[in-house]
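# Close look at the chain arrangement
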Amino acid sequence: QFDDIDNTIGIALNLEADNVGVVLMGDGRNILEGCSVKSTQKIAQVSVGDALRGRVVDALARPIDGKGEIKSTETRLIESIAPNIIARKSVYEPLQTGITAIDAMIPIGRGQRELIIGDRQTGKTAVAVDTILNQKGQNVVCVYVAIGQKASSVAQVVDIFQQAGAMDYTV
């Protein structure tokens with residue numbers, strides 16, 4: 001943890017005799033040469049659990065929605081080993097997007113992560129938003145990831161979710 005105004009967190013990647021390579025988990029604009037650094041004695045981890053439902057968080061699960069701290073008692077390591085293929089439960093239940101063409105052509109299993117890729121302005125966000133809105137009452141927790149999106153675009157999506165009551169089951 002850096003001794004700057006923001007108490008920026010970093011992950012040490014390589015330790016050498018005269019320097020340390022660090023990945024910053026913040027903007028780092030207030031870190032200056034000669035700035036003090038202290039160890040947190042923790043492995044990089046994020047909050048997890050039901051307390052995140054209905055919240056807008058950054059990549060480190062820190063709240064950015066202005067609703068105060070997230071009261072989660074559970075954490076998970078950022079870099080954790082995924083279960084091997086045999087230990088995973090097979091996909092046996094479909095997840096309906098609500099878009100008939102997609103549901104008919106591309107089976108999506110409940111519990112799967114889906115990456116929607118394509119050219120700009122082709123409706124990727126609309127497909128994701130419609131799919132999340134369609135999960136109301138289906139006992140599904142949705143995670144909408146908007147890394148690299150403009151804050152105004154994220155705010156519009158969050159507003160749509162709030163108006164539809166979808167934030168109750170969405171992070």
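Within each chain, residue numbers correspond to sequence positions counted from 1 in written order. Selection of residues for local features in this predicted model requires a pLDDT of at least 70, selection of side-chain atom pairs for listing and counting requires 80 or more, and totals for whole chains, interfaces and linings are taken over all residues. By convention in this description, side-chain values take in all heavy atoms of the structure and omit both hydrogens and water.

## Details of the environment of Gly 98
A run of DSSP states H or I qualifies as a helix once it reaches four residues; a run of E qualifies as a strand once it reaches two. Both are numbered from the N-terminal end. Mapped onto the fold, Gly 98 is located in the loop between β4 (74-77) and α1 (100-105). Considered as a pair, Gly 98 and Gly 21 are 77 residues apart in the sequence and their alpha carbons are 47 Å apart. Residues are treated as being in contact if the distance between any of their heavy atoms lies within 4.5 Å. Non-local contacts of Gly 98, meaning those with residues more than four positions away in its chain, are made with Asp 103 and Asn 134.

## Things to note about helix α3 (residues 151-164)
Between its terminal C-alpha atoms α3 stretches 20 Å, which fits the 20 Å expected from 14 residues at 1.5 Å a residue. Every buried residue of α3 is accounted for by Val 157, Val 158 and Phe 161. Take α3 and look down its axis: the buried residues cluster within an arc of 100 degrees, on one side only. The exposed set on the far side of α3, more than 90 degrees from its buried face, consists of Gln 156 and Gln 163. Along its buried surface, α3 packs onto α2 (124-133). Of the residues flanking the end of α3, it is Gly 165, one or two places downstream, whose phi is positive at about 75 degrees. In this scheme, a helix's expected span is set at 1.5 Å multiplied by one less than its residue total. Per-residue accessibility, obtained with a 1.4 Å probe over protein chains only, is compared with the maximum for each type, and a residue is labelled buried under 20%, exposed over 50%, and partly exposed between these values. As used here, the arc is the angular range of directions from the helix axis to the C-beta atoms.

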